[in-house]
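Now for the letters of each chain:
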Amino acid sequence: MTAPPRPTVGVIGWPIAHSRSPLIHNHWLAVHGLAGHYDRLPVPPEAIEGFLADFPASGLLGANVTIPYKEIAYRAVAARDPVADRLMAVNCLWLEAGRLMGANTDVEGFVANLDQTVPGWDAAAGSAFVLGAGGAARAVVDGLVHRGFQVRLANRTRPRAEALAALYPGAVTVHAFEDAQAAAEGAAVVVNTTSLGMKGEGEIPLRLDRLGPDSIVADIVYVPLETPFLATARAAGLRTVDGLGMLLHQAVPSFERWFGVRPAVTPALRARVEADLVP
Ligand code: ATR
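The rules behind these values
The written sequence of each chain sets the order in which its residues are numbered from 1. Thresholds applied to this predicted model are a pLDDT of at least 70 for local features of residues and 80 or more for the giving and counting of side-chain atom pairs; totals over whole chains, interfaces and linings are not thresholded and use all residues. Side-chain descriptors were evaluated using all non-hydrogen atoms of the structure, hydrogens and water having been removed beforehand. Near, as used in this document, describes a residue that has one of its heavy atoms within 4 Å of the molecule or strand being considered. Pairs of N or O atoms within 3.5 Å make up the polar contacts considered here, provided that, within protein, one atom can donate a hydrogen while the other can accept it, and that residues adjacent in sequence are counted only when both atoms are side-chain atoms. Every accessible area reported is derived by Shrake-Rupley at a probe size of 1.4 Å, with residue values counting cover from the shown protein chains alone. In this classification, Asp, Glu, Lys and Arg are treated as charged, Ala, Val, Leu, Ile, Met, Phe, Trp, Tyr, Cys and Pro as nonpolar, and every other residue, Gly included, as polar. The criterion is simple. A nonpolar core is a set of buried Ala, Val, Leu, Ile, Met, Phe, Trp, Tyr and Cys residues joined through side-chain atoms within 4.5 Å. Three exposure classes are used, based on accessible area relative to the maximum for each residue type with a 1.4 Å probe and protein chains only: buried under 20%, partly exposed in between, and exposed over 50%. Numbering goes from the N terminus for both helices and strands, where a helix is a DSSP run of H or I of at least four residues and a strand is a run of E of at least two. Each domain's limits were defined by an automated method or a database of domain assignments. Pairs of residues are marked as contacts when any of their non-hydrogen atoms sit within 4.5 Å. Here's the idea: put two parts together, see how much 1.4 Å probe accessible area each one loses, and the total over both is what we call buried area. Definition used for salt bridges: Asp or Glu carboxyl oxygen within 4 Å of a side-chain nitrogen of Lys or Arg. Whether two aromatic rings pair depends on their centres lying within 6.5 Å, for rings of Phe, Tyr and Trp, where Trp uses its six-membered ring; planes under 30 degrees apart make the pair stacked, over 60 edge-to-face, and the rest tilted. Remark: a charge is flagged as sitting over a ring if the NZ atom of Lys or the CZ atom of Arg is within 6 Å of the ring centre and within 35 degrees of the ring normal. Any two strands are treated as partners once DSSP identifies two or more bridges connecting them. Axis lines are fitted to C-alpha atoms, over the contacting stretch for helices. Their N-to-C directions set the angle, which ranges from 0 to 180 degrees.

Draft legend 1. Representation of the site of the ligand within the structure. Neighbouring the ligand are 13 residues, the closest being Ala-133, Asn-155, Arg-156, Thr-157 and Arg-160. At 2.9 Å from an oxygen atom of the ligand is found a main-chain nitrogen or oxygen belonging to Ala-133. Within the backbone of Gly-135, a nitrogen or oxygen atom sits 3.2 Å from an oxygen atom of the ligand. Protein chains shield 71% of the accessible area of the ligand, which is 650 Å² for the free molecule. Grouping the amino acids of the shell around the ligand by side-chain chemistry returns four nonpolar, seven polar and two charged.

Okay, here's the thing in structure tokens:
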């Protein structure tokens, strides 16, 4: 007797070798006693269009999509959820009646992480400051605006910030990168979405000790787990939220969609991924 084929899911990207998504989803498959496996699926740029077109015949149950393919996946799917439409990016794929469907779970990942780490973080809403205007910033800004925040945005390349702000009329204001300090003052939530703070990158142009004592400081970078930005915030007595939580929480809706069980972001899962991040 041959065993029935295991439902297979995975993450598409290029490069993909360092993705922690297999660790997260395979942990949940084991916790819930489900058959299946989550793999890394390296797809080179010249093959991505064909890969997505052939997806319904691939035998895959679904997939996550990461850099640099979220926009191409958005265009390739037959239908998307409203968040993917707002971000024009898809990071979760599945099939419905043989058609390729797409969603974006990054916004939920960002807000669910804050909900779990700092319950009530949005109770008074108010203003937030976001540094950066790339793909990750889109999800962060969208989440903050939909939780009622006025967002102040600064990016090294100002036109990128202006293009992002234009998607949220009246809710996002653009500030010069050099004026980040002034723009961040008084913000209830401050988020770094740039790669500044990763090893070898430059410094973030913010004096966190000049923020209000109730400010919450978040970084979407998770290597290192505690970025210099977060370390400074913690030393200043501010509440901090690291990037690993967003990674863990953005995986929840994908797993639920594919396997019909809503998994939990537990200390055990976090510890497992943290151990893998140690250099
Ligand atoms: P992601 O999808 O991870 O957000 P991205 O779209 O490449 O990646 O965006 C990276 C962000 O980090 C951008 O806001 C980028 O600023 P630019 O739009 O000016 O490129 C920012 N960033 C990267 N390196 C930076 C640096 N050395 N100084 C300031 N900002 C930087």
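Draft legend 2. Region of the structure containing the nonpolar core. Core analysis: the biggest nonpolar cluster contains 36 residues, and Trp-121, Val-141, Leu-144, Val-172 and Val-191 have the highest contact counts within it. Take this core: its biggest share by element is six residues, from helix α6 (residues 135-146). Two domains each put at least three residues into this core: domain 1 (9-104 + 245-277) and domain 2 (108-242). In this structure, Leu-144 is in contact with Phe-110, Trp-121, Ala-128, Val-130, Phe-149, Val-151 and Val-191, ignoring residues within four places of it in sequence. Counting residues in hydrophobic clusters, the runner-up holds 23 residues, among them Tyr-38, Leu-244, Val-265 and Val-273.

Draft legend 3. View of the domain arrangement of the chain. Considered domain by domain, the chain is made up of domain 1 (9-104 + 245-277) and domain 2 (108-242). Summarising the inter-unit geometry, the C-alpha centres of domain 1 and domain 2 are found 25 Å apart. Approximately 1,500 Å² of surface area, both sides summed, lies buried where domain 1 meets domain 2, with 58% of it carried by carbon and sulfur atoms. Where domain 1 meets domain 2, there are three salt bridges. A salt bridge links Arg-270 to Asp-242, with the nearest nitrogen and oxygen atoms 2.8 Å apart. Secondary-structure elements contributing two or more residues to the side of domain 1 that touches domain 2 are α4 (82-87), α10 (243-259) and α11 (267-277). Split into classes, the residues belonging to the side of domain 1 that touches domain 2 amount to seven nonpolar, three polar and four charged.

Draft legend 4. Examining the packing of aromatic side chains more closely. For the structure shown, the criterion picks out six aromatic pairs. Ring geometry for Trp-121 and Phe-149: centres 5.4 Å apart, planes at 10°, overall stacked. Of the two residues, Trp-121 sits in the loop between α5 (106-117) and β7 (127-131) while Phe-149 sits in the loop between α6 and β8 (150-154), which places them 28 residues apart along the sequence. Each member of the pair, Trp-121 as well as Phe-149, is classed as buried. Each member of the aromatic cluster is reached from another via a ring pair, and the members are Trp-28, Tyr-38, Phe-255, Trp-258 and Phe-259. Positioned above the aromatic ring of Tyr-74 is the side chain of Arg-80, whose terminal nitrogen or guanidinium carbon lies 4.3 Å from the ring centre. If you follow Arg-257 out to its NZ or CZ, it ends over the ring of Trp-94, 3.6 Å from the centre.

Draft legend 5. Geometry of the sheet that holds strand β1 (residues 8-13). Strand order in the open sheet made by the six strands is β2-β1-β3-β5-β6-β4, with mixed pairing throughout. Of all the strands in the sheet, just β2 (37-42) and β4 (79-80) have a single pairing partner and so form its edges. One ladder, built from five bridges, connects strand β5 (residues 92-96) with strand β6 (residues 99-103); its direction is antiparallel. Among the inter-strand pairings, Glu-96 is bridged to a residue of β6, identified as Arg-99. Together, β1, β2 and β3 (60-65) form the strand contacts of helix α1 (residues 21-31), whose direction differs from that of β2 by roughly 165°.

Draft legend 6. Structural context of the pattern of salt bridges. Counted according to the given criterion, the structure contains 12 salt bridges. The closest approach of N and O atoms between Arg-86 and Asp-142, which form a salt bridge, is 2.7 Å. Taken together, the positions of Arg-86 in helix α4 and Asp-142 in helix α6 put the pair 56 residues apart, joining distant regions of the chain. For Asp-142, a relative accessible area of 0% corresponds to the buried category. Residues Glu-162 and Arg-158 are paired through a salt bridge, measuring 2.8 Å at the closest nitrogen-oxygen approach.

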